[in-house]
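Analysis of the macromolecular model
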Amino acid sequence: MSKISIQTGTSHGGVVLPDGTLAQVKIDFDVLRRLSDIARQEFGMAGAVQHGASTLPESAFGKFVESGACEVHLATGFQNIIYDHPALPTEFRERVYAWLNEYAADERKPTDTDEQFYYKTRKKGFGPLKEAWWSLGEDIIAPIRETLENQFAFLFQQLNVVNSLELVNRFVTAPEVHRPMPTGAAQAVKAEDVSGLAD
């Protein structure tokens, strides 16, 4: 074991209210600090991992560093930027939600409003509709990308990981993984190469 995972007042993706907004949560940073200290000092681990952090107010992120968290989970916040961005066409979002109605209906609780259901399941709308997402025009993708970049810059500052490349290179060895290209992708690339030659 290299770390422990905790949820001190949060849940994955946040607590969604019936109107689709998120409930305000309060993290116990003292518990996070104490558990991180114990994990490091008594068990030689990296510390505690905070789940469900991406939906917290921006003022909370600097406290993770002060509390000794070794990892902070933020994926839902990035997903929310994409889905809720004004540049994403409403009809595209509705297309994803229609897919969720058909293929994720078994995850809907009887008490879920539409907003709660879509919020809790929309992460599943990326993979099966990957081609549609990738095919969005640059006029849509560019402003979403800029908002994401700004959020990454903010989080890097708050989590104190700016200018950390030298540390990463010193302590992290990323394994090289070579896998064959999937058949469908290989065929598409080959077809593209052939059509390019014909031009």
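These numbers were taken from a predicted model, which means no experiment stands behind them.

Rules and cut-offs
Residues numbered from 1 in each chain as written. Predicted model: local features only at pLDDT ≥ 70, side-chain atom pairs only at ≥ 80, totals over all residues. Heavy atoms only, no water. Helix = DSSP H or I, 4+ residues; strand = E, 2+ residues; numbered from the N terminus. Buried < 20%, exposed > 50% of the residue type's maximum accessible area, 1.4 Å probe, protein only. Areas by Shrake-Rupley, 256 points an atom, 1.4 Å probe, with all protein chains shown as cover. Phe/Tyr/Trp six-rings, centres within 6.5 Å; stacked < 30°, edge-to-face > 60°. Core = buried A, V, L, I, M, F, W, Y, C linked by side-chain atoms within 4.5 Å. Contact = heavy atoms within 4.5 Å. Expected span 1.5 Å × (residues − 1). Arc of directions from axis to C-beta. Polar contact = N/O pair within 3.5 Å; in protein donor to acceptor, adjacent residues only side chain to side chain. Salt bridge = Lys/Arg side-chain N within 4 Å of Asp/Glu carboxyl O.

**Quick word on the overall build of the protein chain**
A count of helices and strands for the protein chain gives nine helices and three strands. Listing each helix as α and each strand as β along the protein chain from the N terminus yields β-α-β-α-β-α-α-α-α-α-α-α. Residues counted as buried form 32% of the 199 residues belonging to the protein chain. For the protein chain, the accessible surface area stands at approximately 13200 Å², while carbon and sulfur atoms represent 55% of it.

**What to know about the packing of aromatic side chains**
Overall, the coordinates contain twelve aromatic pairs when judged by the stated rule. Within the aromatic cluster, the residues linked to one another by ring pairs are Tyr83, Phe92, Tyr97, Phe117, Tyr118, Phe126 and Trp133.

**Description of the nonpolar core**
With 34 residues, the main nonpolar core has Phe64, Leu74, Val96 and Trp133 as its most contacted residues. The set of elements that each furnish at least two residues to this core consists of α1 (29–43), α2 (61–66), α3 (75–84), α4 (90–103), α5 (114–121), α6 (130–134) and α7 (138–158). Not counting residues up to four positions away in its chain, the partners in contact with Val96 are Tyr83, Gly125, Leu129 and Trp133.

**Some thoughts on α1**
Between the first and last C-alpha of α1 there are 20 Å, a value that for 15 residues agrees with the 21 Å anticipated at 1.5 Å per step. Within the sequence span of α1, burial applies to Phe29, Leu32, Ser36 and Ala39. Viewed end-on, α1 has its buried residues packed into an arc of 90°, placing them on one side of the element. Structural note: α1 exposes Gln41 and Glu42 on the side pointing more than 90 degrees away from its buried face. Those residues of α1 that are buried are in contact with β1 (4–6), β2 (48–50) and α2. Where α1 begins, the capping side chain belongs to Asp28, and its oxygen is found 3.2 Å from the backbone nitrogen of Asp30.

**Digging into the side chain of Gln151**
The topology assignment puts Gln151 in helix α7. For Gln151, a relative accessible area of 18% gives the class buried. The residues contacting Gln151, other than those within four sequence positions of it, are Glu58, Phe78 and Ile81.

**Quick notes on the pattern of salt bridges**
For the structure on display, the rule yields eleven salt bridges. Between Lys120 and Asp112 there is a salt bridge, with the nearest N and O atoms lying 2.9 Å from each other. Taking relative accessible area as the criterion, Lys120 reaches 37% and is therefore assigned partly exposed. Across the pair Glu138 and Arg145 runs a salt bridge whose closest N-O atoms are separated by 2.4 Å. The exposure class assigned to Arg145 is partly exposed, which follows from its relative accessible area of 36%. Here the salt bridges do not stand alone but share partners, grouping Asp30, Arg33, Arg34, Asp37 and Arg40 into one network.

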